[in-house]
Amino acid sequence: MAEKRDYYEVLGLSKNASASDIKKAFRKLAMQYHPDVNKEQGAEEKFKEINEAYSVLSDPQKKQLYDQYGHAGVDANQGPQMQGFDFSDIFSSFFGGGSEDFETNQFGGFGSFFNRRNTHRAQRPNIDLNLHTTVTINIMDIYKEASKTITIPCVKTCDECNGTGASNKPDSIKTCARCHGQGVVVKTTNTAFGQMQTQAVCPDCKGTGKIIVHKCEKCKGRLVIDDLRSVTFNVPNDIENNQTLVMRGEGSSFQNTKGDLAITFRIIPSKVFYREQGMLHEILLIDPLLAIVGGTVDLITPLGAKTIVISPKTKDGEKIYLQNYGLYKNRKKDVRNDLIIDIVYAKPSNYSKEDEQELKKIYARNTQNDAVSKHNYEINKEVNQ
C-alpha cells in the first residue's frame, strides 16, 4: 500500500493554517478535482485524498490527534468513514444542498449543478441526471444576447416500466434479502477507540431495496431510455471563454426529478472586436495621413453604419466613444454602454511619386516632432545612465 501523503501537503497548507484557510483550500481543490468536472485519469483518487484530508483537518478533535500522532492517530477513525463514499454527498454538504438552495435565475453556478445530485440513495437508484455540453459562439452572439436552441442526448423514465426496471410479469421484483428492503447496510468495525458503526449503500440492490428478477424488455433494467431534448437560452453578454453556466432543471429526468444542464461556452476570437472590463471595443484602421489632416470615416458598427469624425493630429491608439452603441447595461435591455473605437494606424497608402515628393517637402519643413524628441531623450537617458 502506498504511503499516505501529509494532509497539510494534500491541501497545500502549512501546519499553522487556520480553519478558514483549510476550508478555502478544500473548496478550491474540490471544484478542481470533482469527478463530475474533471474527467482526467486520477482525478477521482485525488478527490478522495482531498476529502480525506479535509475530513480530518476540519474537525478540531481529529486535527489535534493528527497534529500529535500523524496518520496513526486518525487512521482507525478514517477507515470506517470511507465506507459508502459518495462524491455528490460530500460536495453537496460543503457547497449547500436541498431545493431551498435553488434560485429562480436561468443560469446558476457550479454549486447548483452538483446540489441536484441524488442525495437519497436508499430511496431510489443512483442515476446521474446532470448533462454537460459545449456551445460555440461569436462576439455578435454576445452583443445581441442571441437566442440559441440546442438539441442534446439525455435519458428519461422508461414509459414501459415507469422506472422500475422490471417487466410486467408477475413476481418480477422481490425484496432485497441483504438489506431487507432498507437500501442500506450497517457495518460494525473494531478500532483502537472502540466499536464504530457505519452505514453504506446496499451492494446487492444499489440502494433501491428491491431486486429485479425479470428485467423490462424496453429499458433492459436501466430504468431509463435514451431521448433527445431541445433547450433554448439567451447568451449572457458577460460570458467569458471556457466559462460554464448551469440551467436548472434542463437535464435528464427520472420520475419526478430533473437534473441540470451545464453549458461551457467557446468564444470564436474576433479580429475587430474585443471586451475589456465589461466594455466592447472596435478597432478602426485609418491612414496616418488622415490622422494628420483630419476628416471622416464610415464605420460599420453592430448597430449599422456610423460616420466617425477624425480630428486633425489624431494619435495612434486614441479612443472615440460612441454612446449607446455598446453592450447592454442591464437585463432590461433598455440602455447600452458606450462602444469604444480604438484608432490604429494602417500602413500608409500607395502614393504617387509626385505626392511622395510633396510629402517630403512637408516633412522637411516639420522635422521637429516634440513626441519623437522626448522619446529619444528617454532612450539616451536610460542607455547612458
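Reference entry: report on the structure contained in this document. (Residues numbered from 1 in each chain as written. Predicted model: local features only at pLDDT ≥ 70, side-chain atom pairs only at ≥ 80, totals over all residues. Heavy atoms only, no water.)

**Here we look at the environment of N237**
And step 1. Looking at the secondary structure, you find N237 in the loop between β8 (224-234) and β9 (244-247).
And step 2. Take N237: its relative accessible area is 12%, and that puts it in the buried class.
And step 3. Sequence separation between N237 and I139 is 98 residues, and the spatial gap between their C-alpha atoms is 9.0 Å.
And step 4. Non-local contacts of N237, meaning those with residues more than four positions away in its chain, are made with I142, E145, R275, L327, Y328 and R331.
And step 5. In this structure the side chain of N237 is engaged in a polar contact, spanning 3.2 Å, whose partner is the backbone oxygen of Y328. (Helix = DSSP H or I, 4+ residues; strand = E, 2+ residues; numbered from the N terminus. Buried < 20%, exposed > 50% of the residue type's maximum accessible area, 1.4 Å probe, protein only. Contact = heavy atoms within 4.5 Å. Polar contact = N/O pair within 3.5 Å; in protein donor to acceptor, adjacent residues only side chain to side chain.)

**Observations regarding the environment of I139**
And step 1. Residue position: I139 is located in helix α8 (residues 139-144).
And step 2. A relative accessible area of 12% means that I139 is categorised as buried.
And step 3. When the C-alpha atoms of I139 and R275 are compared, they prove to be 9.0 Å apart, with 136 residues separating the residues in sequence.
And step 4. With residues up to four places along the chain from it excluded, the contact list for I139 reads S270, F273, R275 and L280.

**Concerning helix α11 (residues 370-383)**
And step 1. Taking 1.5 Å per residue, 14 residues should reach 20 Å; α11 reaches 20 Å between its end C-alpha atoms and fits that length.
And step 2. The buried fraction of α11 amounts to zero of the 14 residues, a small share that puts the element mostly on the outside. (Expected span 1.5 Å × (residues − 1).)

**Description of the pairing of strand β18 (residues 339-345)**
And step 1. Across the seven residues of β18, five count as buried, placing the element largely inside the fold.
And step 2. Pairing geometry for strand β14 (residues 279-286) and β18, over seven bridges, is parallel. Counted as the bridge partner of H281 is I340 from β18.
And step 3. Two strands pair when backbone bridges link them, and strand β17 (residues 319-322) and β18 are joined in this way by four bridges, in the antiparallel orientation. Residue pairing for β18: I320 is matched across the bridge by I341. (Pairing = 2+ DSSP bridges.)

**Looking at unusual backbone geometry**
Negative phi characterises most residues that are not glycine, and trans characterises most peptide bonds.
And step 1. Even without being a glycine, K220 presents a positive backbone phi close to 60°.
And step 2. When you line up the elements, K220 lands in the loop between β7 (210-212) and β8.
And step 3. According to the relative accessible area criterion, K220 is exposed, its value standing at 57%.
And step 4. Positive phi outside glycine occurs at N324, with the angle close to 65°.
And step 5. Tracing the sequence through the fold places N324 in the loop between β17 and β18.

**Topic: the pattern of salt bridges**
And step 1. Inspection of the entire model under this criterion finds 16 salt bridges.
And step 2. For the salt bridge of E240 with R275, the shortest nitrogen-to-oxygen distance reads 3.8 Å. With E240 in the loop between β8 and β9 and R275 in strand β13 (residues 273-276), the pair connects residues that are 35 residues apart, well separated along the chain.
And step 3. By relative accessible area, E240 is classed as partly exposed at 45%.
And step 4. Owing to a relative accessible area of 24%, R275 belongs among the partly exposed residues under this scheme. (Salt bridge = Lys/Arg side-chain N within 4 Å of Asp/Glu carboxyl O.)

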